[in-house]
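# Observations on chain architecture
What follows is the residue order along each chain.
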Amino acid sequence: MEIMRVKDELVCTRRVEGLKAASLRVLESQAGKLLVATDPVGAPIGKWVITTSGSAARLAMPDVKIMTDLTICGIIDNWSE
Amino acid sequence: MEIMRVKDELVCTRRVEGLKAASLRVLESQAGKLLVATDPVGAPIGKWVITTSGSAARLAMPDVKIMTDLTICGIIDNWSE
Amino acid sequence: MEIMRVKDELVCTRRVEGLKAASLRVLESQAGKLLVATDPVGAPIGKWVITTSGSAARLAMPDVKIMTDLTICGIIDNWSE
Amino acid sequence: MEIMRVKDELVCTRRVEGLKAASLRVLESQAGKLLVATDPVGAPIGKWVITTSGSAARLAMPDVKIMTDLTICGIIDNWSE
Amino acid sequence: MEIMRVKDELVCTRRVEGLKAASLRVLESQAGKLLVATDPVGAPIGKWVITTSGSAARLAMPDVKIMTDLTICGIIDNWSE
(Lines give C-alpha, C1' and ligand atoms only; values in the text may rest on other atoms or scores of the structure.)
Protein backbone atom coordinates (compact mmCIF):
# COMPACT_ATOMS: atom_id res chain seq x y z
CA MET A 1 0.00 0.00 0.00
CA GLU A 2 1.09 3.59 -0.49
CA ILE A 3 0.85 6.55 1.84
CA MET A 4 -0.95 9.52 0.32
CA ARG A 5 -2.76 12.67 1.40
CA VAL A 6 -6.33 13.54 0.45
CA LYS A 7 -6.24 16.78 -1.51
CA ASP A 8 -9.69 17.27 -2.92
CA GLU A 9 -12.88 15.70 -4.19
CA LEU A 10 -13.17 15.05 -7.92
CA VAL A 11 -16.27 15.77 -9.95
CA CYS A 12 -16.55 13.58 -12.98
CA THR A 13 -20.07 13.54 -14.38
CA ARG A 14 -19.36 11.82 -17.66
CA ARG A 15 -17.89 8.42 -16.75
CA VAL A 16 -18.00 4.79 -17.83
CA GLU A 17 -20.91 2.82 -16.49
CA GLY A 18 -18.56 0.59 -14.51
CA LEU A 19 -17.51 3.42 -12.19
CA LYS A 20 -21.15 3.81 -11.15
CA ALA A 21 -21.57 6.65 -8.65
CA ALA A 22 -18.40 5.81 -6.73
CA SER A 23 -17.02 8.70 -4.68
CA LEU A 24 -13.66 9.91 -6.04
CA ARG A 25 -10.81 11.69 -4.26
CA VAL A 26 -7.73 13.45 -5.60
CA LEU A 27 -4.70 12.22 -3.66
CA GLU A 28 -1.16 13.51 -3.53
CA SER A 29 1.62 10.96 -3.37
CA GLN A 30 4.81 11.47 -1.35
CA ALA A 31 6.52 12.50 -4.58
CA GLY A 32 3.86 15.13 -5.23
CA LYS A 33 2.04 13.26 -7.98
CA LEU A 34 -1.74 13.64 -8.16
CA LEU A 35 -3.81 10.48 -8.42
CA VAL A 36 -7.50 9.64 -8.25
CA ALA A 37 -8.86 6.95 -5.91
CA THR A 38 -12.24 5.55 -5.00
CA ASP A 39 -13.05 6.18 -1.35
CA PRO A 40 -15.15 3.68 0.63
CA VAL A 41 -14.01 5.01 4.03
CA GLY A 42 -15.02 8.66 3.69
CA ALA A 43 -11.57 10.20 4.14
CA PRO A 44 -11.66 13.96 4.88
CA ILE A 45 -9.50 16.39 2.91
CA GLY A 46 -6.05 16.79 4.45
CA LYS A 47 -5.93 13.32 6.03
CA TRP A 48 -3.12 10.83 5.41
CA VAL A 49 -4.42 7.54 4.05
CA ILE A 50 -3.16 4.21 2.76
CA THR A 51 -4.19 3.06 -0.70
CA THR A 52 -4.25 -0.32 -2.35
CA SER A 53 -3.83 -0.74 -6.11
CA GLY A 54 -4.42 -3.20 -8.93
CA SER A 55 -7.02 -5.92 -8.54
CA ALA A 56 -6.92 -5.40 -4.75
CA ALA A 57 -8.42 -1.93 -5.32
CA ARG A 58 -11.61 -3.53 -6.56
CA LEU A 59 -11.73 -6.06 -3.74
CA ALA A 60 -11.45 -3.22 -1.22
CA MET A 61 -14.71 -1.69 -2.47
CA PRO A 62 -18.06 -2.72 -0.94
CA ASP A 63 -19.13 -3.32 -4.56
CA VAL A 64 -16.26 -5.28 -6.17
CA LYS A 65 -17.55 -4.53 -9.65
CA ILE A 66 -16.45 -0.86 -9.50
CA MET A 67 -13.56 -0.78 -11.96
CA THR A 68 -11.08 1.23 -9.97
CA ASP A 69 -7.33 0.58 -9.82
CA LEU A 70 -6.74 2.63 -6.63
CA THR A 71 -8.79 2.58 -3.44
CA ILE A 72 -8.35 4.28 -0.07
CA CYS A 73 -8.30 1.38 2.39
CA GLY A 74 -7.54 3.13 5.67
CA ILE A 75 -6.97 6.43 7.44
CA ILE A 76 -3.64 6.58 9.29
CA ASP A 77 -4.05 7.42 12.98
CA ASN A 78 -0.92 9.51 13.32
CA TRP A 79 1.37 10.71 10.57
CA SER A 80 3.67 13.68 10.30
CA GLU A 81 5.12 14.47 6.93
CA MET B 1 -6.72 6.26 -11.53
CA GLU B 2 -4.43 8.78 -13.18
CA ILE B 3 -5.14 12.25 -14.47
CA MET B 4 -4.14 12.75 -18.10
CA ARG B 5 -4.88 15.03 -21.02
CA VAL B 6 -6.09 13.85 -24.41
CA LYS B 7 -3.52 14.85 -26.99
CA ASP B 8 -4.47 13.14 -30.20
CA GLU B 9 -6.09 10.20 -31.89
CA LEU B 10 -3.90 7.26 -32.85
CA VAL B 11 -4.12 5.43 -36.13
CA CYS B 12 -2.98 1.87 -35.90
CA THR B 13 -4.16 -0.23 -38.83
CA ARG B 14 -2.02 -3.31 -38.24
CA ARG B 15 -2.98 -4.57 -34.79
CA VAL B 16 -3.58 -7.82 -32.92
CA GLU B 17 -7.03 -9.29 -33.36
CA GLY B 18 -7.78 -8.77 -29.67
CA LEU B 19 -7.74 -4.97 -29.96
CA LYS B 20 -10.57 -5.24 -32.50
CA ALA B 21 -11.57 -1.81 -33.80
CA ALA B 22 -11.26 -0.10 -30.41
CA SER B 23 -10.82 3.66 -30.60
CA LEU B 24 -7.36 4.73 -29.39
CA ARG B 25 -6.22 8.05 -27.91
CA VAL B 26 -2.75 9.43 -27.23
CA LEU B 27 -2.69 10.82 -23.70
CA GLU B 28 -0.14 12.96 -21.94
CA SER B 29 0.56 12.22 -18.29
CA GLN B 30 1.30 14.91 -15.71
CA ALA B 31 4.99 14.13 -16.13
CA GLY B 32 4.74 14.65 -19.89
CA LYS B 33 4.88 10.99 -20.87
CA LEU B 34 2.81 9.90 -23.86
CA LEU B 35 0.58 6.85 -23.43
CA VAL B 36 -2.12 5.16 -25.50
CA ALA B 37 -5.56 4.36 -24.07
CA THR B 38 -8.77 2.86 -25.32
CA ASP B 39 -11.61 5.37 -25.16
CA PRO B 40 -15.19 4.23 -24.49
CA VAL B 41 -16.40 7.70 -23.46
CA GLY B 42 -15.49 9.68 -26.57
CA ALA B 43 -13.10 12.17 -24.92
CA PRO B 44 -12.35 15.21 -27.10
CA ILE B 45 -8.77 16.35 -27.70
CA GLY B 46 -7.59 18.77 -25.02
CA LYS B 47 -9.84 17.40 -22.27
CA TRP B 48 -8.56 16.21 -18.89
CA VAL B 49 -9.59 12.63 -18.18
CA ILE B 50 -9.11 9.91 -15.58
CA THR B 51 -7.73 6.55 -16.67
CA THR B 52 -7.82 3.11 -15.10
CA SER B 53 -5.07 0.56 -15.70
CA GLY B 54 -4.33 -3.15 -15.46
CA SER B 55 -7.18 -5.65 -15.50
CA ALA B 56 -9.60 -2.81 -14.58
CA ALA B 57 -8.88 -1.27 -18.00
CA ARG B 58 -10.53 -4.24 -19.66
CA LEU B 59 -13.51 -4.21 -17.29
CA ALA B 60 -14.09 -0.52 -18.09
CA MET B 61 -14.66 -1.34 -21.76
CA PRO B 62 -18.16 -2.17 -23.05
CA ASP B 63 -16.51 -5.27 -24.55
CA VAL B 64 -14.30 -6.72 -21.76
CA LYS B 65 -12.40 -8.86 -24.25
CA ILE B 66 -10.52 -5.86 -25.69
CA MET B 67 -6.97 -6.45 -24.44
CA THR B 68 -6.13 -2.95 -23.31
CA ASP B 69 -4.16 -2.06 -20.18
CA LEU B 70 -5.29 1.59 -20.04
CA THR B 71 -8.82 2.94 -20.52
CA ILE B 72 -10.30 6.42 -20.21
CA CYS B 73 -13.02 6.01 -17.59
CA GLY B 74 -14.23 9.57 -17.14
CA ILE B 75 -13.94 13.19 -18.24
CA ILE B 76 -13.13 15.57 -15.39
CA ASP B 77 -15.68 18.39 -15.08
CA ASN B 78 -13.24 21.11 -14.04
CA TRP B 79 -9.47 20.92 -14.01
CA SER B 80 -6.80 23.53 -14.32
CA GLU B 81 -3.24 22.38 -14.80
CA MET C 1 10.34 -9.17 -5.16
CA GLU C 2 11.85 -5.99 -3.76
CA ILE C 3 14.34 -5.48 -0.97
CA MET C 4 13.13 -3.11 1.75
CA ARG C 5 13.81 -2.26 5.35
CA VAL C 6 11.23 -2.33 8.12
CA LYS C 7 10.95 1.16 9.54
CA ASP C 8 7.95 1.16 11.83
CA GLU C 9 4.58 -0.26 12.67
CA LEU C 10 1.52 1.53 11.30
CA VAL C 11 -1.61 2.19 13.31
CA CYS C 12 -4.69 2.47 11.16
CA THR C 13 -7.86 2.07 13.17
CA ARG C 14 -10.35 3.19 10.53
CA ARG C 15 -9.91 0.79 7.62
CA VAL C 16 -11.94 -1.09 5.03
CA GLU C 17 -13.43 -4.34 6.22
CA GLY C 18 -11.27 -6.28 3.75
CA LEU C 19 -8.04 -5.41 5.55
CA LYS C 20 -9.41 -7.10 8.68
CA ALA C 21 -6.95 -6.85 11.57
CA ALA C 22 -3.90 -7.49 9.39
CA SER C 23 -0.64 -6.29 10.92
CA LEU C 24 0.85 -3.38 8.92
CA ARG C 25 4.47 -2.27 8.61
CA VAL C 26 5.99 0.91 7.17
CA LEU C 27 8.84 -0.11 4.86
CA GLU C 28 11.55 1.99 3.25
CA SER C 29 12.55 1.11 -0.29
CA GLN C 30 16.11 1.34 -1.58
CA ALA C 31 15.20 4.69 -3.12
CA GLY C 32 13.97 5.99 0.25
CA LYS C 33 10.27 5.76 -0.53
CA LEU C 34 7.93 4.78 2.32
CA LEU C 35 5.42 1.99 1.64
CA VAL C 36 3.00 -0.01 3.75
CA ALA C 37 2.94 -3.81 3.71
CA THR C 38 1.04 -6.56 5.44
CA ASP C 39 3.36 -8.71 7.56
CA PRO C 40 2.67 -12.43 8.05
CA VAL C 41 6.23 -13.23 9.16
CA GLY C 42 6.57 -10.85 12.10
CA ALA C 43 9.52 -8.83 10.80
CA PRO C 44 11.23 -6.74 13.50
CA ILE C 45 11.96 -3.03 12.94
CA GLY C 46 15.33 -2.50 11.27
CA LYS C 47 15.38 -5.85 9.43
CA TRP C 48 15.86 -6.18 5.66
CA VAL C 49 13.00 -8.06 4.05
CA ILE C 50 11.75 -9.11 0.63
CA THR C 51 8.27 -8.10 -0.46
CA THR C 52 5.93 -9.43 -3.11
CA SER C 53 3.37 -7.21 -4.84
CA GLY C 54 0.18 -7.34 -6.87
CA SER C 55 -2.05 -10.41 -6.67
CA ALA C 56 0.90 -12.39 -5.23
CA ALA C 57 0.71 -10.17 -2.14
CA ARG C 58 -2.68 -11.63 -1.31
CA LEU C 59 -1.56 -15.20 -1.96
CA ALA C 60 1.35 -14.72 0.43
CA MET C 61 -1.04 -14.05 3.31
CA PRO C 62 -2.37 -16.91 5.49
CA ASP C 63 -5.81 -15.44 4.72
CA VAL C 64 -5.83 -14.77 0.96
CA LYS C 65 -8.87 -12.53 1.27
CA ILE C 66 -6.89 -9.69 2.90
CA MET C 67 -6.84 -7.04 0.15
CA THR C 68 -3.21 -6.03 0.33
CA ASP C 69 -1.00 -5.23 -2.68
CA LEU C 70 2.31 -5.60 -0.79
CA THR C 71 3.31 -8.37 1.61
CA ILE C 72 6.54 -9.15 3.43
CA CYS C 73 7.38 -12.67 2.29
CA GLY C 74 10.77 -13.24 3.90
CA ILE C 75 13.47 -11.87 6.16
CA ILE C 76 16.90 -11.74 4.50
CA ASP C 77 19.55 -13.62 6.48
CA ASN C 78 22.43 -11.28 5.73
CA TRP C 79 22.27 -7.92 4.03
CA SER C 80 24.45 -4.86 4.25
CA GLU C 81 23.19 -1.67 2.68
CA MET D 1 -0.54 0.98 -23.82
CA GLU D 2 2.92 2.43 -24.27
CA ILE D 3 4.64 3.76 -27.36
CA MET D 4 7.99 2.09 -28.07
CA ARG D 5 10.39 1.54 -30.93
CA VAL D 6 11.61 -1.85 -32.12
CA LYS D 7 15.35 -1.97 -31.70
CA ASP D 8 16.41 -5.53 -32.30
CA GLU D 9 15.54 -9.19 -32.14
CA LEU D 10 16.51 -11.10 -29.03
CA VAL D 11 18.02 -14.55 -29.06
CA CYS D 12 17.29 -16.50 -25.92
CA THR D 13 17.88 -20.22 -26.37
CA ARG D 14 17.67 -21.28 -22.73
CA ARG D 15 14.21 -20.27 -21.57
CA VAL D 16 11.36 -21.50 -19.39
CA GLU D 17 9.02 -23.93 -21.08
CA GLY D 18 6.15 -21.44 -20.79
CA LEU D 19 7.74 -18.98 -23.22
CA LYS D 20 7.67 -21.73 -25.88
CA ALA D 21 9.21 -20.52 -29.15
CA ALA D 22 7.64 -17.05 -28.93
CA SER D 23 9.39 -14.43 -31.03
CA LEU D 24 11.06 -11.77 -28.85
CA ARG D 25 11.90 -8.15 -29.66
CA VAL D 26 14.05 -5.62 -27.83
CA LEU D 27 12.10 -2.38 -27.57
CA GLU D 28 13.22 1.09 -26.54
CA SER D 29 10.82 3.15 -24.45
CA GLN D 30 10.43 6.93 -24.80
CA ALA D 31 12.71 7.31 -21.80
CA GLY D 32 15.39 5.20 -23.46
CA LYS D 33 14.84 2.06 -21.39
CA LEU D 34 15.27 -1.31 -23.11
CA LEU D 35 12.51 -3.88 -22.65
CA VAL D 36 11.70 -7.26 -24.16
CA ALA D 37 8.29 -8.02 -25.68
CA THR D 38 6.64 -10.92 -27.42
CA ASP D 39 5.69 -10.02 -30.99
CA PRO D 40 2.60 -11.55 -32.61
CA VAL D 41 2.36 -8.88 -35.34
CA GLY D 42 5.82 -9.19 -36.90
CA ALA D 43 7.02 -5.65 -36.23
CA PRO D 44 10.11 -4.69 -38.28
CA ILE D 45 13.15 -3.12 -36.61
CA GLY D 46 12.87 0.68 -36.47
CA LYS D 47 9.05 0.75 -36.36
CA TRP D 48 7.04 2.52 -33.65
CA VAL D 49 4.64 0.16 -31.92
CA ILE D 50 2.15 0.11 -29.07
CA THR D 51 2.55 -2.46 -26.32
CA THR D 52 0.18 -3.86 -23.74
CA SER D 53 1.36 -5.12 -20.35
CA GLY D 54 0.32 -7.29 -17.43
CA SER D 55 -2.29 -9.98 -17.92
CA ALA D 56 -3.42 -8.21 -21.15
CA ALA D 57 -0.04 -9.12 -22.65
CA ARG D 58 -0.94 -12.78 -22.49
CA LEU D 59 -4.42 -12.22 -23.90
CA ALA D 60 -2.90 -10.36 -26.87
CA MET D 61 -0.97 -13.49 -27.91
CA PRO D 62 -2.53 -16.04 -30.29
CA ASP D 63 -1.56 -18.60 -27.64
CA VAL D 64 -2.68 -17.09 -24.29
CA LYS D 65 -0.54 -19.55 -22.37
CA ILE D 66 2.71 -17.80 -23.33
CA MET D 67 3.80 -16.22 -20.05
CA THR D 68 4.79 -12.80 -21.28
CA ASP D 69 4.13 -9.52 -19.45
CA LEU D 70 4.65 -7.27 -22.51
CA THR D 71 3.28 -7.80 -26.02
CA ILE D 72 3.40 -5.67 -29.16
CA CYS D 73 -0.27 -5.17 -30.04
CA GLY D 74 -0.06 -2.81 -33.01
CA ILE D 75 2.20 -0.93 -35.41
CA ILE D 76 1.55 2.83 -35.44
CA ASP D 77 0.78 4.14 -38.92
CA ASN D 78 2.52 7.48 -38.57
CA TRP D 79 4.75 8.61 -35.73
CA SER D 80 7.55 11.10 -35.54
CA GLU D 81 9.67 11.16 -32.42
CA MET E 1 10.01 -8.56 -19.88
CA GLU E 2 12.98 -6.70 -18.47
CA ILE E 3 16.68 -7.21 -19.02
CA MET E 4 18.65 -7.71 -15.82
CA ARG E 5 21.94 -9.15 -14.64
CA VAL E 6 22.31 -11.87 -12.01
CA LYS E 7 24.28 -10.44 -9.12
CA ASP E 8 24.08 -12.93 -6.33
CA GLU E 9 22.12 -15.65 -4.61
CA LEU E 10 19.86 -14.66 -1.74
CA VAL E 11 19.58 -16.57 1.49
CA CYS E 12 16.24 -16.14 3.17
CA THR E 13 15.57 -18.80 5.77
CA ARG E 14 12.52 -17.27 7.40
CA ARG E 15 9.94 -16.95 4.66
CA VAL E 16 6.21 -17.34 4.07
CA GLU E 17 5.06 -20.87 3.40
CA GLY E 18 4.00 -19.91 -0.13
CA LEU E 19 7.57 -19.27 -1.27
CA LYS E 20 8.40 -22.89 -0.43
CA ALA E 21 12.08 -23.65 -1.10
CA ALA E 22 12.19 -21.63 -4.33
CA SER E 23 15.68 -20.60 -5.38
CA LEU E 24 16.13 -16.79 -5.17
CA ARG E 25 18.51 -14.53 -7.10
CA VAL E 26 19.44 -10.90 -6.56
CA LEU E 27 19.24 -9.13 -9.92
CA GLU E 28 20.45 -5.70 -10.97
CA SER E 29 18.22 -3.71 -13.32
CA GLN E 30 19.59 -1.48 -16.07
CA ALA E 31 19.03 1.48 -13.76
CA GLY E 32 21.10 -0.18 -11.03
CA LYS E 33 18.18 -1.18 -8.81
CA LEU E 34 18.45 -4.48 -6.93
CA LEU E 35 15.50 -6.87 -7.16
CA VAL E 36 14.86 -10.45 -6.09
CA ALA E 37 13.55 -13.08 -8.52
CA THR E 38 12.71 -16.76 -8.43
CA ASP E 39 14.94 -18.73 -10.78
CA PRO E 40 13.64 -21.85 -12.52
CA VAL E 41 16.37 -21.83 -15.20
CA GLY E 42 19.46 -21.91 -13.01
CA ALA E 43 21.02 -18.64 -14.17
CA PRO E 44 24.70 -18.28 -13.20
CA ILE E 45 25.96 -15.10 -11.50
CA GLY E 46 27.03 -12.48 -14.04
CA LYS E 47 24.64 -13.63 -16.80
CA TRP E 48 22.12 -11.32 -18.48
CA VAL E 49 18.59 -12.63 -18.20
CA ILE E 50 15.04 -11.65 -19.05
CA THR E 51 12.44 -11.53 -16.29
CA THR E 52 8.66 -11.61 -16.33
CA SER E 53 6.58 -9.92 -13.65
CA GLY E 54 3.11 -9.89 -12.12
CA SER E 55 0.87 -12.92 -12.47
CA ALA E 56 3.08 -14.14 -15.37
CA ALA E 57 5.89 -14.62 -12.85
CA ARG E 58 3.91 -17.35 -11.16
CA LEU E 59 2.96 -19.01 -14.43
CA ALA E 60 6.64 -19.14 -15.43
CA MET E 61 7.43 -21.34 -12.42
CA PRO E 62 7.24 -25.15 -12.66
CA ASP E 63 5.04 -24.88 -9.55
CA VAL E 64 2.56 -22.05 -10.26
CA LYS E 65 1.65 -21.81 -6.59
CA ILE E 66 4.96 -20.16 -5.66
CA MET E 67 3.89 -16.60 -4.85
CA THR E 68 6.60 -14.69 -6.67
CA ASP E 69 6.08 -11.46 -8.63
CA LEU E 70 9.34 -11.71 -10.62
CA THR E 71 10.78 -14.78 -12.35
CA ILE E 72 13.81 -15.30 -14.57
CA CYS E 73 12.35 -16.72 -17.77
CA GLY E 74 15.40 -16.91 -20.02
CA ILE E 75 19.15 -16.42 -20.33
CA ILE E 76 20.12 -14.05 -23.16
CA ASP E 77 22.54 -15.63 -25.61
CA ASN E 78 24.56 -12.51 -26.35
CA TRP E 79 24.35 -9.18 -24.59
CA SER E 80 26.85 -6.43 -24.09
CA GLU E 81 26.00 -3.70 -21.64
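What counts, and where the lines are drawn
Residues numbered from 1 in each chain as written. Chains lettered and ligands numbered in written order. Predicted model: local features only at pLDDT ≥ 70, side-chain atom pairs only at ≥ 80, totals over all residues. Heavy atoms only, no water. UniProt positions renumbered as here; feature names shortened; annotations may be inferred. Contact = heavy atoms within 4.5 Å. Buried area = accessible area lost by both parts, 1.4 Å probe. Salt bridge = Lys/Arg side-chain N within 4 Å of Asp/Glu carboxyl O. Polar contact = N/O pair within 3.5 Å; in protein donor to acceptor, adjacent residues only side chain to side chain. Helix = DSSP H or I, 4+ residues; strand = E, 2+ residues; numbered from the N terminus. Nonpolar A, V, L, I, M, F, W, Y, C, P; charged D, E, K, R; others polar. Least-squares fit on C-alpha atoms with pLDDT ≥ 70 in both. Buried < 20%, exposed > 50% of the residue type's maximum accessible area, 1.4 Å probe, protein only. Pairing = 2+ DSSP bridges.

Per an unreviewed UniProt entry, chain A carries the name Carboxysome peptide B and comes from Nitrosomonas halophila. Check the Subcellular location (unreviewed entry) section of the UniProt entry for chain A; it says "Bacterial microcompartment".

## Quick word on the interface of chain D and chain E
If you look at the interface, chain D gives 22 residues, while chain E gives 22 residues. Interface area, chain D with chain E, both sides summed: about 1,800 Å², of which 58% is carbon and sulfur. On the chain D side of the contact with chain E, Arg14, Met67 and Asp69 of chain D bury the most area, a combined 33% of that side's loss. For the pair chain D and chain E, the number of links is 1 salt bridge. For Lys33 of chain D, the salt bridge is made with Glu2 of chain E, and the minimal N-O distance between the two is 3.0 Å. In this structure, the connection of chain D to chain E is made through 13 residue pairs in polar contact (both at pLDDT 80 or more). Only β2 (14-15), β3 (24-28), β4 (34-38) and α1 (55-59) of chain D provide two or more residues apiece to the side of chain D that touches chain E. Looking at which element gives the most residues to the side of chain D that touches chain E, the answer is β4 of chain D, with 5 residues. Class assignment for the residues of the side of chain D that touches chain E results in 13 nonpolar, 4 polar and 5 charged.

## A look at the relation of the copies chain D and chain E
It takes a turn of 72° to lay chain D on chain E, together with a shift of 0.0 Å along the axis; the resulting RMSD is 0.0 Å. In symmetry terms, the pair is related by a five-fold rotation axis. Among all residues of chain D, the one whose C-alpha sits closest to the rotation axis is Gly54 of chain D, at a distance of 5.6 Å. The overlap is low: 5% of the interface residues of chain D also sit at the interface in chain E, so different surfaces are used on the two sides.

## Some details on the pattern of salt bridges
Taken as a whole and assessed by the stated rule, the structure comprises 20 salt bridges over all chains. Where Asp39 of chain A meets Arg25 of chain A, a salt bridge forms, and the shortest distance between an N and an O atom there is 3.4 Å. Placement of the pair is Asp39 of chain A in the loop between β4 (34-38) and β5 (48-53) and Arg25 of chain A in strand β3 (residues 24-29), with a sequence separation of 14 residues. Like Asp39 of chain A, the residue Arg25 of chain A is buried in the burial classification. We note a salt bridge from Lys20 of chain B to Asp63 of chain B, for which the minimum N-O separation is 2.9 Å. On the criterion of sequence distance, the pair formed by Lys20 of chain B in the loop between β2 (14-15) and β3 (24-28) and Asp63 of chain B in the loop between α1 (55-59) and β6 (70-75) is long-range, its members being 43 residues apart. With relative accessibility at 43%, the residue Lys20 of chain B sits in the partly exposed group.

## What to know about the side chain of Thr68 of chain E
Tracing the sequence through the fold places Thr68 of chain E in the loop between α1 (55-59) and β6 (70-75). A polar atom in the side chain of Thr68 of chain E sits 3.1 Å from the side chain of Thr38 of chain E. Excluding anything up to four places from it in sequence, Thr68 of chain E contacts Met1, Thr52 and Ala56 of chain C together with Thr38, Gly54, Ala57, Arg58 and Met61 of chain E.

## Brief notes about the arrangement of the chains
A gap remains between chain B and chain C, with no contact made and the closest C-alpha atoms lying 11 Å from each other. Contact between chain C and chain D is absent, and the least distance between their C-alpha atoms amounts to 11 Å.

## Describing the interface of chain C and chain A
Taken together, the 22 residues of chain C in the interface contact 22 residues of chain A. The interface formed by chain C and chain A holds 1 salt bridge in total. One can count 13 residue pairs in polar contact (both at pLDDT 80 or more) joining chain C with chain A. With 5 residues, strand β4 (residues 34-38) of chain C is the single largest residue contributor to the side of chain C that touches chain A. Among the residues forming the side of chain C that touches chain A, the class breakdown is 13 nonpolar, 4 polar and 5 charged. The sheet contact formed by strand β6 (residues 70-75) of chain A and strand β2 (residues 14-15) of chain C spans 2 bridges and is antiparallel. Counterpart to Ile75 of chain A in the pairing with β2 of chain C is Arg14 of chain C.

## Looking at the relation of the copies chain C and chain A
Rotating chain C by 72° and moving it 0.0 Å along the rotation axis overlays it on chain A with an RMSD of 0.0 Å. Of the interface residues in chain C, just 5% have counterparts in chain A that sit at the interface too, so the contact is made through distinct surfaces.

## Details of the environment of Asp77 of chain C
Relative to the elements of secondary structure, Asp77 of chain C occurs in the segment after β6 (70-75). Look at Asp77 of chain C and you get partly exposed, because its relative accessible area is 34%. Considered as a pair, Asp77 of chain C and Val49 of chain C are 28 residues apart in the sequence and their alpha carbons are 8.9 Å apart. Here Asp77 of chain C is in contact with Val11, Cys12, Thr13 and Arg14 of chain E, once residues within four sequence places are set aside. Reaching out from Asp77 of chain C, the side chain makes a polar contact with the side chain of Thr13 of chain E at a distance of 2.4 Å.

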